[in-house]
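Observations on the model geometry
Below are the chains, spelled out letter by letter.
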4 protein chains.
Amino acid sequence: MFLKKIKSEGIAHLSYILGDGLDAVVIDPRRDCGIYSKIAAQQGVRITRIFETHRNEDYVIGSEDLARRSGAAIHHGKALDFSYGEAVCEGDTFDVGDLRLRILETPGHTFESISIVVTDKNYGEDAVAVFTGDTLFIGDVGRTDFFPDQAREVAGALYDSIFGKLLPLGDQTIIYPAHGAGSACGDSMASREFSAIGHERLHNPVLQKKDRESFIDFKVNEHHYLPPYFKKMEQYNQFGSPPLHSLPQPVPMHAKDVKKAQTNGAVLLDLRSPEAYAGAFIPGSLAMPLEMISAYTGYLLDYDTDIILIPETREQIPAAVAHLIRIGYDRLAGYLKGGMHSWETEGLQYDRIGAVHAAGIGQRLQNNENLTLLDVRKISEYKQSRLAGATHIFLGELPDRIDELDPDKPIITFCGSGMRAIIAASILKQNGFTRVEDSLGSMRACKNVGCELQEG
Amino acid sequence: MFLKKIKSEGIAHLSYILGDGLDAVVIDPRRDCGIYSKIAAQQGVRITRIFETHRNEDYVIGSEDLARRSGAAIHHGKALDFSYGEAVCEGDTFDVGDLRLRILETPGHTFESISIVVTDKNYGEDAVAVFTGDTLFIGDVGRTDFFPDQAREVAGALYDSIFGKLLPLGDQTIIYPAHGAGSACGDSMASREFSAIGHERLHNPVLQKKDRESFIDFKVNEHHYLPPYFKKMEQYNQFGSPPLHSLPQPVPMHAKDVKKAQTNGAVLLDLRSPEAYAGAFIPGSLAMPLEMISAYTGYLLDYDTDIILIPETREQIPAAVAHLIRIGYDRLAGYLKGGMHSWETEGLQYDRIGAVHAAGIGQRLQNNENLTLLDVRKISEYKQSRLAGATHIFLGELPDRIDELDPDKPIITFCGSGMRAIIAASILKQNGFTRVEDSLGSMRACKNVGCELQEG
Amino acid sequence: MFLKKIKSEGIAHLSYILGDGLDAVVIDPRRDCGIYSKIAAQQGVRITRIFETHRNEDYVIGSEDLARRSGAAIHHGKALDFSYGEAVCEGDTFDVGDLRLRILETPGHTFESISIVVTDKNYGEDAVAVFTGDTLFIGDVGRTDFFPDQAREVAGALYDSIFGKLLPLGDQTIIYPAHGAGSACGDSMASREFSAIGHERLHNPVLQKKDRESFIDFKVNEHHYLPPYFKKMEQYNQFGSPPLHSLPQPVPMHAKDVKKAQTNGAVLLDLRSPEAYAGAFIPGSLAMPLEMISAYTGYLLDYDTDIILIPETREQIPAAVAHLIRIGYDRLAGYLKGGMHSWETEGLQYDRIGAVHAAGIGQRLQNNENLTLLDVRKISEYKQSRLAGATHIFLGELPDRIDELDPDKPIITFCGSGMRAIIAASILKQNGFTRVEDSLGSMRACKNVGCELQEG
Amino acid sequence: MFLKKIKSEGIAHLSYILGDGLDAVVIDPRRDCGIYSKIAAQQGVRITRIFETHRNEDYVIGSEDLARRSGAAIHHGKALDFSYGEAVCEGDTFDVGDLRLRILETPGHTFESISIVVTDKNYGEDAVAVFTGDTLFIGDVGRTDFFPDQAREVAGALYDSIFGKLLPLGDQTIIYPAHGAGSACGDSMASREFSAIGHERLHNPVLQKKDRESFIDFKVNEHHYLPPYFKKMEQYNQFGSPPLHSLPQPVPMHAKDVKKAQTNGAVLLDLRSPEAYAGAFIPGSLAMPLEMISAYTGYLLDYDTDIILIPETREQIPAAVAHLIRIGYDRLAGYLKGGMHSWETEGLQYDRIGAVHAAGIGQRLQNNENLTLLDVRKISEYKQSRLAGATHIFLGELPDRIDELDPDKPIITFCGSGMRAIIAASILKQNGFTRVEDSLGSMRACKNVGCELQEG
C-alpha cells in the first residue's frame, strides 16, 4: 500500500497516486504525466483509474495522455459535460486493494467538484483521508469567484460541502488538497503540507466563519484575479488538450538566429533573475524569472506565437519547459545557447535597467522628484500596506493600462520583493519607456529599512 | 516547510526529516545517513538537531555519524544513560522555522521513550502531528517485553503514555511512527502508512482494550521473539557504534577464492530466491533471500566472521550491504562474481534441495511416510493454524535445537510461504541432513489447495 | 565537441552521437531512442542528421522515431531502396561544427553499407576516426553470408572496402564499429572496445588474410546462423517499423490470471537464471535467462502472440522490455507479480529440472547409461571440442528437429556454460520430455574438471 | 573489458578507469574520488592500482583517499621523492585481465613524468593506447616552464620523450592525456578528445618542430603563467593532502549572518554571471563566475580564510564545491540562501557596475575621454590583438599591481569575452575604485562589431 504526493512547483499543484495490490489510482494528474507511470512501474501496479476532482482552470490536466499510456478509466463529477471520461456520483465506491474510495459531491469551487474519501477495509468504515481538490485547502478554502452571477449560491454550496460533508468525516481524516502555498487558486494556504480535518476545523481561518451567511459574505467579498489563460485551460480540460508524446525540447540557437526570429515575431522570454536582467537584457524581451512563469506568463503571453527562451544556464530549460507546457504553452521554438554572454560576444545591442535601493525611494519622494512609483502588486497587497504616492496597476493588467503612465517621467517599478517589478520594467521598456528603474527588494526591503508606510 | 519520510526496507524502519527556514531536524536516522544530508542540501537547510525516540534495539542508529557530518546536536530521553547526546524532558520545545516541536515522555516500550509533538505556530497550539517512535504504530502499539521482571509495570506505562498523553493530543493529530508493517517491533502493523490519532483511537485493535488492566493483560500475554542481535544494537545505540565513512564495498571474487575463503572460516550468505537456492547451492552456505536479511540474519550469524555474498546478480549487492550494515554486520569481505553460474562453470561441487508441492505433503503424511515435517514459523503462527503432525522449531532457534531432529529421516521444511523454509533447509544441509525437501509455497499454498489444517 | 558511444547490451550494439557547436549527428540509433535526445539536451545541441551505416538485420533501427522527435534528416547508402530517408554517395561531406564527416561506400556485409570518416577541420585532412558499421569490427570483419548466391562477390566487395578504402585512411584512424563482443553479427570480436586502423591492420586475425582470394575463401567458408527474426528486422528497417511513443510497460498480473492467459495462448517467457528455473518453473513456459533474450528469442518466438514475463524480480522488467522491443517484440502483455513465489503460494503446479555435474556426465556415459546427451551449441563450437557420444542439435533449430530425439530416454541438455542448456531443457519439457536434466556449467565445467574431450 | 574517461570540468582534467576481469586501475584520480568506486562497483571490479602520471600541480590528486577506500596500491615515477606510494620504472608491467600496462619514463613536463602503454595480450604486442599524462596532449604538448634554471634541459627531455618514446609506439596508438581544452596546463589543446599518435605526429602543431633544437627553442620561448596555488598543489601531491571523507556541504545562511561573517573576515565569492553581478552585488565581494573558479581562484584567494558563496541558485553549490575542493579550498563555510534576492529584501546595501558596449569603447576613446581601458587578458592574448590605448595587467596580477592604476579616473575592464573583466571590476571595487565599467562581450564583441584593432 502506498500513497505518493507529486508536487508541481510553480502552479503549486499537488497530485497523488495511491496503490495497493495490483492497482493504483491517480488524482488530478499533471500534463507531463510520465512520472505516474514511472512510480506505478516501480511499485509494480497498473494505473486503473484517474480521478479529476474538478475541471481544473489553472493548468492542463494530464488525464487523457495518462489514460492513453495506461489504459486507465477517467472519472469526474457529473455536473459538467466533459467530452471524455465517465461521470461519478455521490456514494460511488471504487476499491484499490484493501482501500476503498468513496465519492462525495462537493460543489462550490465549481459545480462538478468532487472529493474522494479513503477508508481502509481492514480498519472500520471511518475515513482515513480525503482528497479535497480545490474545495478545502490547508489554511484556506477554494475560490468561488468563477460564477459571478451566482456568487452567493456557489459560496453557499461551498459552505455546505465543507460543513455538511467534509467536516462530518471526522477530525481524524487526513486531507490531501490539490494545491499548496503559492497557487493562484488561493491566497492564504499554509506552507505546511500536512493536516487533518480536525486541525482545519479548529484553525483554518476561513472555517472560523461558522455561520453560513458570514461565510458567504466573506467569500463574496474576496478579491481574486482571473488570469486570461484560465479560459484556455477550462477549454482544454473540458474538451481535451493536444496530446504530448514527449516534452518539447527547444533547440539551441545562435544569437544571430534569435535576433532574426525576434524580428519575425517570436517572443523572447528571459528566465534570468532580476539582477541579471537589469544588468543586461535583449531589447524587446519579456523578463520572466523562472519561478514567476506559472503565475504571470498566463497574463502576458498569447498562445499563438513562438517562444524563445533566454536562460541563465541550460539547466533552466527543462524546468521552464515543464512550467510552460503545464499551462499550455507548447510552441517552444528554441533557446539562446550560451545565454546573454553569447549575445554580448556577438556584439549585439543590449539594454539595462536602473536599480533603486529601498532607502533611496523614500529620499527621492521626499525630495519631490518628479517620478512615477509604479506598484504592480495585487490590489489586496497594495491595500494592506504601501508607500505614499505610489501608482497602483496590477502587473497582469499593465499591458492594457500602460497608457495611463507617462513615458517621459522617471518610473520606478515596485512590488513585493522585486520579482514582479522586473517583469513590469521589461514591459515598460518594450513600450518605449526609457527612464525605468527597478526597486530591487521592493516592499520587503522597505519594511526592513524602516520606510514610512501607509496601511489599511 | 517540508516533511519527508525515509523508509528503510527490511527493518521496515521509518525515519523523518522535517525542515523550515534554514533549519531541519531528523528523527531516528538510520546508519547509512547520507540520505538526510542529501535532502538537506536539496532543500537548502542545515540539520541542527537529531532526535532519537528511544534507544533502538533492532538497528544501528545513525545519529553520531550524521552529527559528525552536520554538526547537529543529538537528543534523547533522559531515563537512560547514553554516552553521547543530550537528554530532553517533558515539555521541552524546539523551533524549526514556523514549526514547534514539543517533547512528551512516553515510557513503556522502553523507559526513555519520547514522542515529539508538532505544532504550527501560525495555526494555534493544537498538535498537527506527532512522532510516536515505537510507542504507537498504525494498527499496533510498541512491544513491552524487554523488561520481563517489570512486565506489568512497563505495559502500564505504555497504557498511560498512549491513553494519557497521545490520545489527548486530539483526533486531528497525524501520527508518524518509527516502524511500518514488516518490522520486528510489532506483528500487527497496518500496511497503510498514514493515519491520525483519531483513527487509531477508533480502529487500532490494541487501543480497543480501553481498560488499563485489560490492556496490561493483553500486553503481558503477547509473545515476541528476541533476536540475539538486539543485544549488540542496544550496546551500539547506548555507547556508540563504529563510524561508517562510506558504505563497505565488497570486492568481486572468483569461485576458487570464495571456496578458499570458506575453508578459512568465511560465511557464505546466499541472497538468491528459494527456487534458485534449491536449484543449485554451494555446500555449507547459508540461504538468506535478500528480503529476509533484516529479519533472520541477526538470529543466525555471528559478528566476528567474514561474510561473502552469493548474489543472483551484482545489482543485489548494494541492497544487501545496506540491510547488513543497518544491523551492524560490517565485515563484508566480498561476493562471488558471476554468481552460481561462475561456481558451476569452474566445475566446483554444488548441491540441491528437493521441493514438495503443498498437495504432495498431505498425501505423503496420509501414506504414513516416515518423515519429519519441520514447521519453522513463529509460535504464534503455528498455534493459529498448522498441518497435523508437524514438528515446530522456530527458525531463529533451529541451530540450537537441531539435535532434536533425526538426520536420517526425510525432512520437509515448512513456513508461511517458503522463504524461511529454504533458510531452514540450508541449515539442515550444513548439519549433515541429506534428505531435505523444501515446501515451496508452504502454508499459503496449503490454504489455497485446501489442505486440512488444525487451528487454534 | 563530444563523442559518446551508447552500448546496448544483449545485441552488443554500439551507436554514437557526435556533436560540435549547435549540431549533432547520430550513427545507427537504437529503437528506444530517448537516450540520444537526452544527451543532445544535456550538451546543448540539436540532432540534425542520422546516419544508418546499413540496413541493420539484427535489431530495429530507431531512425524514424528519432527523426520525428528531433526533426533530423536520415541518411543511408544508395544501393538499397529504403522507403524513408535520403541516400548518400561516396565523397558526400557533412559538417558538424569543426568536424567533417565524409561518406565511404563500403559494400560487402550488405550492398548499401557505408562508412563515415571523421576529420577535424582545424587539424588537416587526415582521418581522425571512422564509423565502420558492420564492415570492420575490432578483431573481426562483417558477415558476408546474407547473399548466398553471390557469396564470393560480396566477400570480395568486403575485401575491397577494407583493404581498398578503410586501411588507406591511415593507421592513426580510430575505429568505431556498430557492434562489440557478443553480437550475432560476428563470432570473434575483441572484448576491447577501442582500436585504430593500424592495430587492426596488424592484429585483426581476418585482416591477416592479405591476399584477396584467401580472404574470400576464408569468408565463404565461415558458418553463421541466420536467426529467423532477421527477416522481420530487414523488413522493418527497409520499410519502416511501428512507432514507439513510449516503452511498453507490461502490467503486473496475479498468478491465476497468468495461468488463464497461458491457457488462452500467451507465451510465458521466464527470465530467471538456470538454477532458479531448474528449481521450479511453470509448466509450458520457455526459459529465457535475461541475458539470452537478444540472442535466442528471435529463433524461438513468433511475433503474433502475447508475451508474459516471469521475472526473478521486478527490476528485471525494464531490461527485458528493452531487449525485446529492440528486436521487435512489442506485445508485452504483462508479468507475474511476485515471480515464482506468488505462483507457488497460490498453490499452482510447478515443475523442476534435474541437474548433472560435469563430473557425473562422464561417469554415466562410461557406465553405458542409456541416455541422450544433447549438445545445443553452435556447430562451430561443437566441432572445436565436444564430449564423445553427444548428439548435436543447435538450440535455434531444436523446435524443428525435436522429433529426432527419443522422449522416453533420459536426456541431458548441454551447452557452453549452462545458459542455453536450460532453454533447451524447457523446450523439451514443453514437448513432453519428462526425464530432462540440465548440465549446469556444461562445457566450461567439463574442461575445468578434466573431462575427456574430442577435438577438431 | 572497459575504459572510462572521467572529465572534470574547470580544470579540464581527464582521469581514467580501465578494467578487465576482477581488476581495475585508475589513472590520475581527482580528489572527489567516489566516482571511481562507483564505476568499479557497477562494473564488478576492484581497484587494485592507481597510477599518477606525474606530481600534478594544478589540482589535488585523489590517490590517497581512493587507496584508503579501495586498498589499491599507488604508483608514480621514481624521479621524485613522494611521501606515499611506490615508484615504478621504465619497462615495469602490470596486468589487468587481458590487458597489459607498461611504464615509459617520459620526463620533460616534470622529471618524474611517466606514460603508460596499453597492449591487449590477445592481439599482439603493439600498443593499443597510451596514457600520456601531461607529456603529450591532443594538439599540444606539456608545459616545460616549471624548472626555469633547466629550461633547455627539460624541453629537450620532453622532445626525447615524445619523439623517442611515444611516437615510436606506432601511429595506431590511441592517446589518453590528462587534460583537454581549457586546462591551465596548455593553451592550445584541441577541443576534440580523441586522437591517435599518428594523427598527432601529422597534425599536432608543436610536433611539426621535428628538429630537436627548434622544438627546444619553441618551448623555452613559450609564456605560461604560474598561478600561486600551484605551490600548494605540489606540496599536497608530494607529501599528502587533507583526507576528504565526504564533500564539504556549505550551510545556508541568512543575509544578515553573511554580512556578519564578512565583517569577521570571511571572503564572499560570488558565483553569478557577469550580468547578474553587474546588476547588483554585495560590496566587498569577489566576482567569480562558476566557470572561472578553477582558472582564477588560485590567483586571487588565500587558503586561510573562510569562504561564503553567493550563488545564482542553490543548484550551483555542488559544482562550486567540487571546483573549489579540487584545488584545495576546503573552508567552505556557507552560502547566501536565496542569493542576492534575499540580500536585497533584507534591505542591505548593494552596489552595481556599469556596462560598456564594444561599439561604445571605440567611440569614447576617439572622443579622447580620459579613462583607463584595463585589459586583463594573458599577455599572449594581448600581444596578438588589442585595442589601442589599453593598459595591460593580467588578471592574476591585478591585486599586486593595483597601485599602477588611477582610482579617480573612469576605468573600463576588458578581457576576451567579459568573464574576467567582471572579476577585475570586482577587485577594483574592493579597492575603492568607484567609476568602474565592465566591457560585456569585450574582445569578441569588438571583433564582431568591427572595432579597429592593433595586432602582433
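Residues numbered from 1 in each chain as written. Chains lettered and ligands numbered in written order. Predicted model: local features only at pLDDT ≥ 70, side-chain atom pairs only at ≥ 80, totals over all residues. Heavy atoms only, no water.

Considering the relation of the copies chain D and chain A
- Once turned by 180° and shifted 0.0 Å along the axis, chain D lies on chain A with an RMSD of 0.0 Å. Viewed as a symmetry operation, the transformation between the two copies matches a two-fold axis. (Least-squares fit on C-alpha atoms with pLDDT ≥ 70 in both.)

Considerations on the interface of chain D and chain A
- Taken together, the contact between chain D and chain A spans 32 residues of the former and 32 residues of the latter.
- Around 2,500 Å² of area is buried between chain D and chain A when both sides are counted, 50% of it from carbon and sulfur atoms.
- For the interface between chain D and chain A, the tally reads zero salt bridges.
- There are 18 residue pairs in polar contact (both at pLDDT 80 or more) connecting chain D and chain A.
- Elements supplying a minimum of two residues to the side of chain D that touches chain A: helix 8 (274-279), helix 11 (339-345), strand 17 (354-355) and helix 16 (442-449) of chain D. (Contact = heavy atoms within 4.5 Å. Buried area = accessible area lost by both parts, 1.4 Å probe. Salt bridge = Lys/Arg side-chain N within 4 Å of Asp/Glu carboxyl O. Polar contact = N/O pair within 3.5 Å; in protein donor to acceptor, adjacent residues only side chain to side chain. Helix = DSSP H or I, 4+ residues; strand = E, 2+ residues; numbered from the N terminus.)

Section: helix 7 (residues 255-263) of chain A
All names here are of chain A.
- Of all the positions in helix 7, only Ala 255, Val 258, Ala 261 and Gln 262 are classed as buried. On an axial view of helix 7, the arc spanned by its buried residues comes to 120°, and they lie on one face. Exposed positions of helix 7 whose direction lies more than 90 degrees from the buried face are Lys 256, Lys 260 and Thr 263.
- As for helix 7, its buried residues are in contact with strand 12 (251-253), strand 13 (267-270), strand 15 (307-310), strand 16 (332-336) and helix 11 (339-345).
- Just beyond helix 7, the residue with positive phi is Gly 265, at close to 110°. (Buried < 20%, exposed > 50% of the residue type's maximum accessible area, 1.4 Å probe, protein only. Arc of directions from axis to C-beta.)

A short note on the state of the cysteines
- Scanning all chains against the criterion turns up zero disulfides over all chains.
- With no disulfide of its own, Cys 451 of chain A lies 3.8 Å from the sulfur of Cys 446 of chain A, the closest cysteine sulfur. (Disulfide = S-S within 2.5 Å.)

As for the sheet that holds strand 12 (residues 251-253) of chain D
Residue and element names in this part refer to chain D.
- Pairing is parallel across the open sheet formed by five strands, whose spatial order is 12-16-15-13-14. Two strands in the sheet have a free side with no partner beyond their single neighbour: strand 12 and strand 14 (286-287).
- As judged from the three bridges shared by strand 12 and strand 16 (residues 332-336), these two strands associate in the parallel manner. Looking at strand 16, one finds that Pro 252 is bridged to Tyr 335. (Pairing = 2+ DSSP bridges.)

A short note on the packing of helix 9 (residues 293-300) of chain C against helix 10 (residues 316-326) of chain C
Residue and element names in this part refer to chain C.
- Look at helix 9 against helix 10: their axes get within 10 Å of each other, and the N-to-C directions meet at 55°. Compared by their axis directions, helix 9 and helix 10 come out oblique. As helix 9 packs across helix 10, the resulting crossing turns out to be right-handed. Contacts between helix 9 and helix 10 pair Ile 293, Ser 294 and Thr 297 from the former with Ala 320, His 323 and Leu 324 from the latter.
- Grouping the amino acids of the contact of helix 9 with helix 10 by side-chain chemistry returns three nonpolar, three polar and no charged. (Axes fitted to C-alpha atoms, helices over the stretch in contact; angles between N-to-C directions. Parallel < 35°, antiparallel > 145°, perpendicular 65-115°, else oblique. Left-handed = near helix turned anticlockwise from the far one by under 90°. Nonpolar A, V, L, I, M, F, W, Y, C, P; charged D, E, K, R; others polar.)

Quick word on the interface of chain A and chain C
- Listed as interface residues are 19 residues of chain A and, on the opposing side, 19 residues of chain C.
- Between chain A and chain C the total buried area reaches about 1,600 Å² when both faces are included, carbon and sulfur atoms providing 54% of it.
- In terms of surface lost to chain C, no three residues of chain A exceed Leu 22, Gln 249 and Pro 252 of chain A, which account for 30% of the buried area on that side.
- Viewed at the interface, chain C and chain A are joined by zero salt bridges.
- Joining chain A to chain C, the criterion identifies eight residue pairs in polar contact (both at pLDDT 80 or more).
- When contributions to the side of chain A that touches chain C are tallied by element, the ones reaching two or more residues are helix 1 (34-43) and strand 12 of chain A.

Looking at the domain arrangement of chain A
Residues and elements named next belong to chain A.
- Per the domain assignment, the segments making up chain A are domain 1 (2-239), domain 2 (251-345) and domain 3 (354-455).
- A separation of 33 Å is found between the C-alpha centroids of domain 1 and domain 2.
- Contacts between the two partners involve 18 residues from domain 1 and, on the opposite side, 11 residues from domain 2.
- For the pairing of domain 1 and domain 2, the buried interface totals around 1,200 Å² over both sides, and the portion due to carbon and sulfur atoms is 60%.
- Our count for the domain 1 to domain 2 interface comes out at two salt bridges.
- Of the charged contacts, one joins Asp 32 and Arg 326 as a salt bridge, the two residues approaching to 2.8 Å between their closest N and O atoms. (Domains from an automatic or database assignment.)

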